[in-house]
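Architecture and fold: a report
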Amino acid sequence: MRIDDKIKQQYLLNMGIDEQVYTFARTVETELKQRFEEIDAIAEYNQLKVTAALQKNRVSAECFQASSGYGYNDLGRDTLEQVYADVFRAEDALVRPQITCGTHALALALMSNLRPGDELLSPVGKPYDTLEEVIGIRPSKGSLAEYGVTYRQVDLFEDGSFDFEKIKKAICEKTKLVTIQRSKGYQTRPTLSVERIEELITFIKGIKPDVICMVDNCYGEFVEEREPVEAGADMVVGSLIKNPGGGLAPVGGYIAGKRKCVENAAYRLTSPGLGKEVGASLGIMQSFYQGLFLAPTVTAGALKGAIFAANIYEKLGFDVIPNAEEKRHDIIQAVTLGTPERLIAFCEGIQRAAPVDSYVTPEPWDMPGYDAKVIMAAGAFVQGSSIELSADGPLKPPYAVYFQGGLTWYHAKLGIIWSLQKLYERDLVDKTRM
Ligand SMILES: *Cc1c(COP(=O)(O)O)cnc(C)c1O
């Protein structure tokens, strides 16, 4: 038997996928060959970039040793930070397990570089949900607002373009830091390419050269050849349980950029006077290094999954953002499913494909901070990791699901096929389109 037939047999007999579902998915995949080649080329470029940084900094087995207590002279930690600085073309970096998540990394970057009386500006509209409390848009204990840091926001135009006139007006004496979110997150605006970030930063620096431009880089790492520092950003910030952790980092966040910005963040993370000198790595350095090493390939797999999903569901008549042909700038795929039944079926399919907890059924629940029930599918090795195959969406119109991740392309593909299988079984898709 040919390998193609053996694969088909696996899907049909072992996985329980219907032949029509499999054949349709297979046809869609065949049409994506050229796009996948382009993604592979970017992954190869980034693999070389990461490998060169590891080599230049003479990473050795000693770097994987655990430190404890204060963590003075932790060779692995200090070397890793230099590796990150090189990969992101930055002067310095802070990469720590003590940074608990992406929100923490962003809060740290903001709170350490802003002082009472300063103003923060978002020229790209509303930031990620969790940052509303960090900034104090929604009142919260310990927010920037409580410390006397004010906030201004300029929304994007309807079509996603920058409102340069309003941005210019919003920049004033007090403006100290500009925050630019690369990924659309859970909004419907387009994700920003590094090129568009460059255009925006150039404009802002033209008005106020000393303003700090920070990019929330979550979900964007290794999707393009360039990272935002190369586009003029002073700081990039992200989570290690997304792209740069490569699925292996069990925790952590990073801040890379100008030495002064990183230094401020280090003094805030640990303590004034101590900065980067303390912070035991407790034996997880190897996963940080190895995860970074794998990150370009893992990100490529997740991207292929997102494009595959867009093509499958667009053909079935659903609205997808980004659409089937669009160039990608992050790994998130939104599919507007239109009914709660479809949203639930989709998430059940993703869960069914998981390597961990595949036997559980996700249920909508009242998640804190949301005004509708939310359903989430995740069967991950690292809890909440969204570089691993995952999907979620609020149970309210238009019933959009946000899909991301997949540690390998094959697994992302299985997830999408399972999502479709669940819709198919319940007669929730137009089978004549398949
Ligand atoms: C995930 C994400 C965050 C927050 O990261 P957490 O690790 O969930 O705290 C912030 N901004 C964007 C754009 C994100 O995608």
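For the structure, see preceding data.
Thresholds, definitions, all that
Residues numbered from 1 in each chain as written. Predicted model: local features only at pLDDT ≥ 70, side-chain atom pairs only at ≥ 80, totals over all residues. Heavy atoms only, no water. Helix = DSSP H or I, 4+ residues; strand = E, 2+ residues; numbered from the N terminus. Rg over C-alpha atoms; globule rule 2.2 N^0.38 Å. Buried < 20%, exposed > 50% of the residue type's maximum accessible area, 1.4 Å probe, protein only. Pairing = 2+ DSSP bridges. Axes fitted to C-alpha atoms, helices over the stretch in contact; angles between N-to-C directions. Contact = heavy atoms within 4.5 Å. 1 Å grid on protein atoms, 1.4 Å probe; cavity = no way out; pocket = protein on both sides within 12 Å on 5 of 7 lines; lining within 4 Å. Points joined across faces, edges and corners; volume = space filled by probe spheres on them. Nonpolar A, V, L, I, M, F, W, Y, C, P; charged D, E, K, R; others polar.

A few points about the overall build of the protein
Helix and strand counts for the protein stand at twelve helices and twelve strands. A compact globule built from 434 residues should have a C-alpha radius of gyration of about 22 Å, and the protein, at 22 Å, falls within 12% of that. In terms of principal-axis extent, the alpha carbons of the protein reach across some 65 × 50 × 40 Å. For the protein, buried positions account for 55% of its 434 residues.

Points about the sheet that holds strand 6 (residues 235-239)
One key point about sheets: their strands pair by backbone hydrogen bonds, in either a parallel or an antiparallel sense. In spatial order, the strands read 1-7-6-5-4-2-3; together these seven strands make up an open sheet with mixed pairing. Each edge of the open sheet is held by one strand with a lone partner, namely strand 1 (92-96) and strand 3 (150-153). Within this sheet the neighbouring strands show an average axis-to-axis angle of 20°, counted without direction. In this structure, strand 4 (residues 175-181) lies alongside strand 5 (residues 212-216), joined through five bridges in parallel fashion. From the neighbouring strand, Val178 faces strand 5, where its bridge partner is Cys213. Running at roughly 125° to strand 1, helix 4 (residues 75-87) makes contact with strand 1 and strand 7 (253-257) of the sheet.

Some thoughts on empty space enclosed by the protein
The gaps left among the atoms become clear once a water-sized probe is rolled over them. Enumeration over the complete set of coordinates arrives at one cavity of 30 Å³ or more. In this model, the largest cavity occupies a volume close to 40 Å³. Lining the largest cavity are Ser122, Val124, Pro127, Leu131, Thr179, Gln181 and Asp216. Considered class by class, the residues forming the lining of the largest cavity number three nonpolar, three polar and one charged.

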